[in-house]
Amino acid sequence: MYNYLIIGSGLYGAIFAHEAKKAGKSVLVVDKRPNIGGNIYTEKVEGINVHKYGAHIFHTNNKKVWDYVNQFAEFNRFTNSPVANYKGELYSLPFNMYTFNKMWGVVTPEEAATKIEDQRKEITGEPQNLEEQAISLVGRDIYEKLIKGYTEKQWGRDCKDLPSFIIKRLPVRLTFDNNYFNALYQGIPVGGYTKMVENMLDGIEVRLNIDYLKHKEELDAIAEKVIYTGPIDAYFNFCLGTLEYRSVRFENELLDIPNYQGNAAVNYTDRETPWTRIIEHKWFEFGKDENGNDLPKTVISREYSSEWKNGDEPYYPVNDEKNSLLYAEYKKLADSEQNVIFGGRLGEYKYYDMDAVIASSLKMAKRELN
Ligand code: UDP
């Protein structure tokens, strides 16, 4: 009999497993994929750590979380500075003086502020949706060229039908600073995320290729308590209806050239280009292998966003009103479920960043293991 059966070897599950083992508990982790790590899994191709389920850049303001993850990996100095490609015009992200200069030819922060001030006037009162929020942050020109197309491709919904908080993630700065995140600590684990998760799971029994929901009865019978990090609606057999997710399809290509786009991420912000962004993985580690040598080839991934349907991988919860209400109903079922704890992006239907997942798993572990 195990003390804990953990469903899913992503960050939430791996961290709880680590903490439980440290507290002297017996732990079994199962995952339906052939690999550990959930969506932060990286795989080496031609010396390049490829982010198989989408680019992950670790960033946080939480020193405790930062110190915590540093036990499992050394982080490099990568700073996320994506470039936006709008019909061949390139803009710096996030929105900063480089962006405003290219968009309007303004040179000083004061000129940029005046331009934004002028354009945001069309929104009066509290922004009611993502479109209004975006225009009130940066004005209509930037909204049209750098936000509208990208957002509608990513979410498959009109910007007027999306919640404003999604765009509040992006900073707006009147300085020449292309750092995408407002975070004190940032980087990519040297050697890849998979190695970091392996370190978290060191000495812990992990069974891969096991679909918990298909073997629920027999698995439940061998543990006192379950930590479930899969989709909450699937756990309850979709009895109240399906929660919506966005899925992503990756088209990966290995190219026999050293440099495809000169940056880790290029966002395609027009509506016509079918992909949302292209990731060139080697630039997360400065184009070098572990010995500091330049890598001769490159791997790129085009990302296509789509509505999730049964059988796809769920990536992003769609936290609009309809789905939030449905989640609240599932949450009630989850709360009344004996001996099961629901956690993580899918278990809590929440657009968590990695650092928030870690904080949440640690908080739960503290409560649970004391
Ligand atoms: N966004 C945008 N244009 C960009 C990048 C982001 O309009 O070039 C908006 C879009 O609505 C997106 C949100 O900002 O959903 C958050 O972007 P972020 O990069 O944080 O998303 P993630 O990396 O989690 O996919």
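Residues numbered from 1 in each chain as written. Predicted model: local features only at pLDDT ≥ 70, side-chain atom pairs only at ≥ 80, totals over all residues. Heavy atoms only, no water.

## Regarding empty space enclosed by the protein
Empty space left among the atoms is revealed by rolling a probe the size of a water molecule over them.
Item 1. For the structure on display, the rule yields two cavities of 30 Å³ or more.
Item 2. There is about 50 Å³ of room inside the largest cavity.
Item 3. Those elements that place two or more of their residues in the lining of the largest cavity are α6 (140-155) and β14 (298-307).
Item 4. Residue classes in the lining of the largest cavity are distributed as three nonpolar, three polar and two charged.
Item 5. Partitioned by chemical class, the residues of the lining of the second largest cavity number eight nonpolar, one polar and no charged. (1 Å grid on protein atoms, 1.4 Å probe; cavity = no way out; pocket = protein on both sides within 12 Å on 5 of 7 lines; lining within 4 Å. Points joined across faces, edges and corners; volume = space filled by probe spheres on them. Helix = DSSP H or I, 4+ residues; strand = E, 2+ residues; numbered from the N terminus. Nonpolar A, V, L, I, M, F, W, Y, C, P; charged D, E, K, R; others polar.)

## Topic: helix α3 (residues 97-104)
Item 1. All of the buried residues in α3 are M97, T99, F100, M103 and W104. Buried residues in α3, looked at end-on, bunch into an arc of 155°, giving them a common side.
Item 2. Buried residues along α3 sit in contact with β7 (89-92), α4 (109-120), α5 (130-138) and α6.
Item 3. N-cap assignment for α3: the residue whose side-chain oxygen lies 2.9 Å from the backbone N of Y98 is N96. (Buried < 20%, exposed > 50% of the residue type's maximum accessible area, 1.4 Å probe, protein only. Arc of directions from axis to C-beta. Contact = heavy atoms within 4.5 Å. Polar contact = N/O pair within 3.5 Å; in protein donor to acceptor, adjacent residues only side chain to side chain.)

## Structural notes on the side chain of Q133
Item 1. Looking at where Q133 falls in the secondary structure, it is placed in helix α5.
Item 2. Given a relative accessible area of 7%, Q133 falls into the buried group.
Item 3. When residues no more than four places from it in sequence are discounted, the contact partners of Q133 are P127, S164, I167 and K168.

## Remarks on the environment of I142
Item 1. Residue placement: I142 occurs in helix α6.
Item 2. I142 has contacts with F95, F100, M103, W104 and I147, leaving out every residue within four places of it along the chain.

## Quick notes on the sheet that holds strand β12 (residues 265-268)
Item 1. Read across the open sheet, the seven strands follow the order β7-β6-β12-β13-β14-β11-β15; overall the sheet is mixed. Both outer strands of the open sheet, β7 and β15 (316-317), are each paired with one neighbouring strand and no more.
Item 2. Strand direction decides the pairing type here: strand β13 (residues 277-280) and β14, joined by four bridges, are antiparallel. Following the sheet pairing, I278 is matched in β14 by R302.
Item 3. Each of β6 (83-86), β7, β11 (245-255), β12, β13, β14 and β15 touches α6; the most contacted strand, β6, lies at about 90° to it. (Pairing = 2+ DSSP bridges. Axes fitted to C-alpha atoms, helices over the stretch in contact; angles between N-to-C directions.)

## Points about the side chain of N319
Item 1. Relative to the helices and strands, N319 resides in the loop between β15 and α11 (321-336).
Item 2. The class of N319 is buried, set by a relative accessible area of 18%.
Item 3. At 3.1 Å, the side chain of N319 forms a polar contact with the backbone oxygen of Y349.
Item 4. Among residues more than four places away in sequence, those in contact with N319 are P163, F165, S324, Y349, K350 and Y351.

## Observations concerning the pairing of strand β3 (residues 42-45)
The two faces of the sheet receive side chains in turn, since in a regular strand these alternate between them.
Item 1. Taken together, the four bridges between β3 and strand β4 (residues 48-51) define a ladder with antiparallel strand orientation. Residue pairing across strands places E43 opposite V50, the latter belonging to β4.
Item 2. Following β3, the chain reverses through two residues before pairing antiparallel with β4; E46 in that reversal takes a positive phi of roughly 50°.

## Topic: the packing of aromatic side chains
Item 1. Considering all chains together, one arrives at 27 aromatic pairs under this definition.
Item 2. Site record: aromatic cluster; members linked through ring pairs are Y212, Y228, Y235, F236, Y330 and F342.
Item 3. Note that K102 overlies the ring of Y91, its terminal NZ or CZ placed 5.7 Å from the centroid.
Item 4. Over the face of the ring belonging to W283 we find K282, whose NZ or CZ atom lies 5.4 Å from the ring centre. (Phe/Tyr/Trp six-rings, centres within 6.5 Å; stacked < 30°, edge-to-face > 60°. Lys NZ or Arg CZ within 6 Å of the ring centre and 35° of its normal.)

## Some remarks on the sheet that holds strand β1 (residues 2-7)
Item 1. Taken in spatial order, the five strands make up an open sheet running β9-β2-β1-β10-β16, and their pairing is parallel. Two strands lie at the open edges of the sheet, namely β9 (205-207) and β16 (340-342), each paired on one side alone. Across the sheet, the mean angle from the axis of one strand to that of its neighbour is 20°, orientation sign disregarded.
Item 2. Against the sheet, helix α1 (residues 11-22) touches β1, β2 (27-30), β10 (223-228) and β16, its axis set at about 165° to β1.

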